[in-house]
Amino acid sequence: MSSLIHHSRWGSGPAIVLVHGLFGSLENLGIIARQLKDDYSVYAIDLPGHARSGHLDDISLASMADTVVNWMDSIDLPQAHFLGHSLGGKVSMEIALRHPEKINKLIVADIAPVSYPRRHDDVFTAFGAVDLNAISSRGDADKVMKQFVDVDSVRSFLLKNLEKNDGHWQWKMDLDGLEQSYEKLIAGNTLYDASFERPVLFIKGEQSDYILPEHQEKILELFPLAEAKIIHGTEHWLHVQKPDIFAHTVKRFLAK
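Residues numbered from 1 in each chain as written. Predicted model: local features only at pLDDT ≥ 70, side-chain atom pairs only at ≥ 80, totals over all residues. Heavy atoms only, no water.

What to know about the environment of Gln216
Here's step 1: As for its placement among the helices and strands, Gln216 is situated in helix H9 (residues 216-222).
Here's step 2: With a relative accessible area of 49%, Gln216 lands in the partly exposed category.
Here's step 3: With 108 residues separating them along the chain, Gln216 and Val108 place their C-alpha atoms 14 Å apart. (Helix = DSSP H or I, 4+ residues; strand = E, 2+ residues; numbered from the N terminus. Buried < 20%, exposed > 50% of the residue type's maximum accessible area, 1.4 Å probe, protein only.)

Take a look at the structure:
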């Protein structure tokens, strides 16, 4: 299973693993990796079913977590700090609950260990509307997707999954698998009879609704040493909107 994970590494020092969100890749946290690599060995991974990593027969938080742990074993990485954004935060929390010995400190960016309502039906519709045999450019796909996703920056992010291989356009991620398993990915973290007894930092985007006051009880139940920081003037993509403040917040937490 270890071969399922594609990763890049920079820097030297204590290890930290960066885990991106749904439809993303390791490049999404590249700006943070560059700010950490002078002090840390930074491992950025593509989640299973995303970018250059392999696909899973059964996609779930648990199977993704186990696959990442197997990858750690395959590269002789016994323990690391973890930083996960969105779905990457969910997977990182799942690792902390299932394999607590693998994580030193955990940083969760703008997600909670709770179940969420469906938020991406328009995205799946947009992906499905693109006829890969009929387009001749990424611009053609963008025009189709704009009917369903009207925010330019979101479409630009999603279209990073589109590539040309041997003259044919294709999606890099396991689109069918992710759509079929979507309910499992937005579910609450699966081990509610466990708790992670090491330091955890939840970083919230001020204008995001992914972490809400009503989530605090579940967060502290599973992560009793958790603390929280809010980055003002940011939404869900807080590390992109204010990367310097985000990286500084991460560094201060890890240096404690």
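Right, picking up where we left off after that structure.
Brief notes about the nonpolar core
Here's step 1: Counting residues in each nonpolar core, the largest one holds 65 residues, and the members touching the most others are Phe82, Leu106 and Phe223.
Here's step 2: Here the element with the most residues in this core is helix H2 (residues 61-74); it accounts for seven residues.
Here's step 3: Apart from the residues lying within four places of it in its own chain, the contact partners of Phe223 are Met93, Ala96, Leu97, Leu106, Pro113, Phe196, Val200 and Phe202.
Here's step 4: Val42, Ile203, Phe246 and Val250 belong to the second-largest nonpolar core, a separate cluster that totals 22 residues. (Core = buried A, V, L, I, M, F, W, Y, C linked by side-chain atoms within 4.5 Å. Contact = heavy atoms within 4.5 Å.)

Observations regarding the packing of aromatic side chains
Here's step 1: In total, this model carries nine aromatic pairs according to the counting rule given.
Here's step 2: Their ring planes at 75° and their centres at 4.8 Å tell us that Phe127 and Trp171 sit as a pair that is edge-to-face. Of this pair, Phe127 sits in helix H4 (residues 121-129) while Trp171 sits in strand S7 (residues 168-171), and the two are 44 residues apart along the sequence.
Here's step 3: With a centroid separation of 6.4 Å and an interplanar angle of 65°, the aromatic rings of Phe196 and Phe223 are classed as edge-to-face. Residue Phe196 is located in the loop between helix H8 (182-185) and strand S8 (200-205), and its partner Phe223 is located in the loop between H9 and strand S9 (226-231); the two are separated by 27 residues in the primary sequence. Across this residue pair, the class does not change: Phe196 and Phe223 are buried.
Here's step 4: In textbook terms, an aromatic cluster arises when at least three aromatic residues are bridged by ring pairs, as seen for Phe23, Phe124, Phe127, Trp171 and Tyr182. (Phe/Tyr/Trp six-rings, centres within 6.5 Å; stacked < 30°, edge-to-face > 60°.)

Quick word on the sheet that holds S8
Here's step 1: Taken in spatial order, the seven strands of this open sheet run S1-S3-S2-S4-S5-S8-S9, and their pairing is mixed. The sheet is open, and its two borders are formed by strand S1 (6-10) and S9, each paired with just one other strand. Looking at each pair of strands side by side, their axes are set apart by 20° on average, direction ignored.
Here's step 2: Pairing geometry for strand S5 (residues 103-109) and S8, over four bridges, is parallel. (Pairing = 2+ DSSP bridges. Axes fitted to C-alpha atoms, helices over the stretch in contact; angles between N-to-C directions.)

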